[in-house]
Amino acid sequence: MASLNNNARRVAILGAFFVASLFVTRVLAADCTPTGSGQTVTVQRVYDGDTLALVDGRRVRLIGVNTPELGRGAKRDEAFARAARQAVEEFLVGADNIKIYFDAEARDRHGRYLAHLSKISSTGITENLEQVLLAKGLAYHVAVPPNLQMARCFAQVENEARRARLGLWGASSSALPAIRPVKEGGYQRVKARVQRVAVSSGKAWWINLDNNLTAVIYPEYQSHFDSATVRAWPGQWLEVEGWVYRAHYRGKPQWRVKLQTPYAVTLDPDSRRDGAH
């Protein structure tokens, strides 16, 4: 009986893996191919799931994705951090004609080059690395202006992986957005109910959430949002993503997150019901 149970379990695991593989293949059929001719490069080192070094000395940060952080010192790896790095390494193994493509802004404040990375597959199809990571559920989609060329496509790929509960989106994953008070900075995805919204012309828009977090839409990003939609948020449950930072308001400490595009906000379809989700 134990042997039969083990065989059944093995078949179930293989079946789940097969279904997930078919799903990823279908999602990768979507066309998230950057425009332009690109620059042919050789990758020297993979730091983690979203940062790598080229042989010419340039350090590249992938556009449109944020992968879990690898641990440093006493800090442990975040869930799926090593899987994300491994996926990048596997993408590059034996790859010919690797190219990087720049968007509107080529470098960040750290001096890293911001780029999309693609290769020509064995079947002659252009494959995009960020799309692969998102399709496998090994990265979060982040849309940071002005580099939005691929944002719509990446959002669709992430939504598909989320619906299939792959990787970070697995039902038991500790990386899923949670309803909890914010106690630290860094990249986060959290759920909270909107308590108050202040929308004023020419000024920052403030969204006070009930988890000790305030979301801010600064004037330079407001063109990406519909003000009437933002004004309707009070009382609704939102999932917000971004880099949380410490600030002060009227002498009191405050956790804030900057919202740069609507891709950083997801409205819960049952947002007006009370209680946790």
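Residues numbered from 1 in each chain as written. Predicted model: local features only at pLDDT ≥ 70, side-chain atom pairs only at ≥ 80, totals over all residues. Heavy atoms only, no water.

Undergrad: Can you help me understand helix α2 (residues 81-92) in this one?
TA: For an α-helix, 3.6 residues make a turn, and residues three or four places apart therefore share a direction. When the terminal C-alpha atoms of α2 are compared, their 17 Å separation across twelve residues agrees well with the 16 Å that a helix rising 1.5 Å per residue should span. The set of residues buried in α2 consists of Ala-81, Ala-84, Ala-87, Val-88, Phe-91 and Leu-92. The arc enclosing the buried residues of α2, seen along the axis, measures out at 130 degrees, which places them on a common side. Once α2 ends, the next one or two residues include Gly-94, with phi positive near 65 degrees. (Helix = DSSP H or I, 4+ residues; strand = E, 2+ residues; numbered from the N terminus. Expected span 1.5 Å × (residues − 1). Buried < 20%, exposed > 50% of the residue type's maximum accessible area, 1.4 Å probe, protein only. Arc of directions from axis to C-beta.)

Undergrad: Teacher, can you tell me more about the nonpolar core here?
TA: Side chains of a nonpolar character, in soluble globular proteins, are inclined to be buried together. Core analysis: the largest hydrophobic core is formed by 31 residues, its most contacted members being Leu-92, Leu-117 and Leu-133. Every element with two or more residues in this core is listed here: β2 (43-46), β3 (51-54), β4 (59-62), α2, β6 (96-101), β7 (113-120), α3 (129-135) and α4 (151-163). If near-sequence neighbours (up to four positions away) are discounted, Leu-133 is found in contact with Gly-49, Leu-62, Thr-67, Ala-84, Ala-87, Val-88, Leu-138 and Ala-139. Ranked by size, the runner-up nonpolar core spans 24 residues in total, among them Ile-217, Tyr-221, Val-230 and Trp-255. (Core = buried A, V, L, I, M, F, W, Y, C linked by side-chain atoms within 4.5 Å. Contact = heavy atoms within 4.5 Å.)

Undergrad: How do you make sense of the pattern of salt bridges when you look at a structure like this?
TA: Side-chain pairs of opposite charge can arise whenever the charged atoms involved come near each other. Using the criterion set out here, one finds eight salt bridges in the structure. For Asp-56, the salt bridge goes to Arg-58, with nearest N and O atoms at 2.9 Å. What makes Asp-56 partly exposed here is its relative accessible area of 46%. Residue classification places Arg-58 among the buried positions, given a relative accessible area of 17%. Between Arg-163 and Glu-160 there is a salt bridge, with the nearest N and O atoms lying 3.0 Å from each other. With Arg-163 and Glu-160 both in helix α4 and three residues apart, this pair spans about one turn of that helix. Residue class for Glu-160 comes out partly exposed when judged on its relative accessible area of 25%. The network of salt bridges with common partners includes Glu-158, Arg-162, Arg-189 and Glu-239. (Salt bridge = Lys/Arg side-chain N within 4 Å of Asp/Glu carboxyl O.)

Undergrad: In this structure, what is going on with the packing of aromatic side chains? I would like to understand it.
TA: The description of two aromatic rings rests on the distance between their centres and on the angle between their planes. Overall, the coordinates contain four aromatic pairs when judged by the stated rule. Ring centres of Tyr-140 and Trp-169 lie 5.5 Å apart, and the angle between their planes is 80 degrees; on these two criteria the pair is classed as edge-to-face. Note that Tyr-140 is positioned in strand β9 (residues 140-141) and Trp-169 in the loop between α4 and β10 (186-198), a separation of 29 residues in sequence. The interplanar angle of 65 degrees and the centroid separation of 5.0 Å between the aromatic rings of Tyr-187 and Trp-243 together place this pair among those described as edge-to-face. You can see Tyr-187 sitting in strand β10 and its partner Trp-243 sitting in strand β13 (residues 237-249), a full 56 residues away along the chain. Of the residues examined, Tyr-187 reaches a relative accessible area of 17% and is grouped as buried. The class of Trp-243 is partly exposed, set by a relative accessible area of 39%. In textbook terms, an aromatic cluster arises when at least three aromatic residues are bridged by ring pairs, as seen for Tyr-140, Trp-169, Tyr-187 and Trp-243. Between Arg-59 and the ring centre of Tyr-47, over which it is positioned, the NZ or CZ distance is 4.1 Å. Above the ring of Phe-91, the side-chain terminus of Lys-119 is found at 4.4 Å from the ring centroid. (Phe/Tyr/Trp six-rings, centres within 6.5 Å; stacked < 30°, edge-to-face > 60°. Lys NZ or Arg CZ within 6 Å of the ring centre and 35° of its normal.)

Bear in mind that shape data such as this cannot, by itself, settle questions of function.
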